[in-house]
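Analysis of the macromolecular model
Listed below, chain by chain, are the residues.
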Amino acid sequence: MKAKLTTIAFFSIIAMLAGKVNAIPPQHSQQITAPNPIITSQAQEKLDVALLVKAITAFLQSDRYQTESEIKFNVGTQGTQIGLKLKTNTLAQSGNKFRSEITFLDSTAATKSGNLVVSNGKQVWIYRADLKQYALTSYKEFYNSGQWIFVSIGALSFLELPEAERQAIAEGNLSDKDALESLGLASNKLIKGERRTVDGESFYIYNYKDPKEGFTLSGFVEPETANLKQIQVVGKSQELDIQYTEKILARTANPTISSDTFTFTPPPGTKKVRSLSITPF
């Protein structure tokens, strides 16, 4: 994915959550469980460019995917934190079309009211079942708001890549250097790689540190299959510490779609509003 896409979403979400976090008194802070420790099984090594290009090529084989993900989003400062956990099921197709069912989970993993976000490539509908409301916005406004990060980085990141570039990479017509350049990753100095064991699974992890904003974007690749299994974004801004972790549970190429997959029909009794947040706060 192009790193600039994550940059926009990352800092848009920080700006949106900043007031929420600071508004919570410390005594009422949510306690966020620290992620499972990561065990490094091998010291830092020379970057495996061949595996990176193989993973990118595999990630871009089709112009249409169905992606199921589990996402954890933690934002905090000085003992005050907000934690979100959600599951997403997203059908995405080139041309900026997607349909995503988003289910928020509480601390006991109980399901909260789900949301639906649909794009026909030009317009985006956000539907909140808990509020019985929906909003309509342009794709550009939705993208610039950063809310697409709640749909899934793994599901939507490939949409911003021009179709001609996607096909060229998928067909293996580009050199390793050209493939990385097309994704904004031309400088190997910005990418580090290492082998790690996480929760008993072996990964080759690529870490990209944004030179301007300072956040780190990590991609967890399964060496045997070259499949991207997890995405993590970690950084700090406006005195806020933020961590986004997405586990890709399943990713299926060429899923079945219908004529109304990328359209939205409001359920009876649903009210249209000017704007609507995907998050339940």
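Structure: above.
Residues numbered from 1 in each chain as written. Predicted model: local features only at pLDDT ≥ 70, side-chain atom pairs only at ≥ 80, totals over all residues. Heavy atoms only, no water.

1. With respect to the overall build of the chain
Here is the rule: To qualify as a helix, a DSSP run of H or I must reach at least 4 residues; to qualify as a strand, a run of E must reach at least 2; elements of each kind are numbered from the N terminus. Partly exposed residues are those whose accessible area sits between 20% and 50% of the maximum for their type, while under 20% is buried and over 50% is exposed, using a 1.4 Å probe and protein chains only. Every residue pair with non-hydrogen atoms within 4.5 Å of one another is taken to be in contact. Using a 1.4 Å probe, the Shrake-Rupley method yields the accessible areas, and only the shown protein chains count as cover for residues.
A tally of regular secondary structure across the chain gives seven helices and 13 strands. Expressed as a percentage of the 281 residues in the chain, the buried residues total 47%. The long-range fraction of contacts in the chain, counting pairs at least 24 apart against all pairs at least 6 apart in sequence, stands at 60%. Summing over all exposed atoms, the chain offers an accessible surface of approximately 13,800 Å²; the carbon and sulfur share of this is 48%.

2. Some details on the packing of aromatic side chains
The cut-off we apply is this: Aromatic contacts are taken between Phe, Tyr and Trp rings whose centres are within 6.5 Å, Trp giving its six-membered ring; a plane angle under 30 degrees counts as stacked, one over 60 as edge-to-face, and the others as tilted.
Tallying each qualifying case throughout the model produces ten aromatic pairs. Relative to Tyr-244, the ring of Phe-73 has its centre 5.6 Å away and its plane inclined at 85 degrees; by these criteria the two rings are edge-to-face. Residue Phe-73 is located in strand E2 (residues 64-77), and its partner Tyr-244 is located in strand E12 (residues 240-253); the two are separated by 171 residues in the primary sequence. The same class applies to Phe-73 and to Tyr-244, which are both buried. Ring centres of Tyr-134 and Phe-264 lie 5.6 Å apart, and the angle between their planes is 55 degrees; on these two criteria the pair is classed as tilted. Placement of Tyr-134 in strand E7 (residues 133-138) and of Phe-264 in the loop between E12 and strand E13 (271-273) is noted, with a sequence separation of 130 residues between them.

3. What about the pattern of salt bridges?
The criterion, for reference: One speaks of a salt bridge when a side-chain nitrogen belonging to Lys or Arg is within 4 Å of a carboxyl oxygen belonging to Asp or Glu.
This model, assessed by the stated rule, comprises four salt bridges. Across the salt bridge formed by Asp-130 and Arg-128, the nearest N and O atoms sit 2.8 Å from each other. The exposure class of Asp-130 is partly exposed, given its relative accessible area of 38%. Here Glu-194 ties to Arg-196 by a salt bridge, and the two come within 2.4 Å at their closest N and O atoms. With respect to burial, Glu-194 and Arg-196 carry one shared label: buried.

4. A short note on the layout of surface pockets
To locate leftover empty space, one rolls a probe as large as a water molecule over the atoms. Rules: Points on a 1 Å grid, built from protein atoms alone, make a cavity when a 1.4 Å probe fits but cannot get out and make a pocket when they are open with protein on both sides within 12 Å along at least 5 of 7 lines; residues with an atom within 4 Å of a point are the lining residues. Grid points are joined across faces, edges and corners, and a volume is the space filled by probe spheres set on the points. Ten residue types, Ala, Val, Leu, Ile, Met, Phe, Trp, Tyr, Cys and Pro, are classed as nonpolar, four, Asp, Glu, Lys and Arg, as charged, and the remainder, Gly among them, as polar.
In this structure, the second largest pocket occupies an estimated 200 Å³ of space. Of all the secondary-structure elements, those providing two or more residues to the lining of the second largest pocket are helix H2 (49-59), strand E11 (227-237) and E12. Top element by residues in the lining of the second largest pocket is E12. It accounts for six residues. For the lining of the second largest pocket, the residue count by class is ten nonpolar, two polar and two charged.

5. Comments concerning unusual backbone geometry
Of note in the backbone geometry, Lys-132 takes a positive phi value of approximately 55 degrees without being a glycine. By secondary structure assignment, the location of Lys-132 is in the loop between strand E6 (123-128) and E7. At Ala-226, a position not held by glycine, the phi torsion is positive, near 65 degrees. With respect to the helices and strands, Ala-226 occurs in the loop between strand E10 (216-222) and E11.

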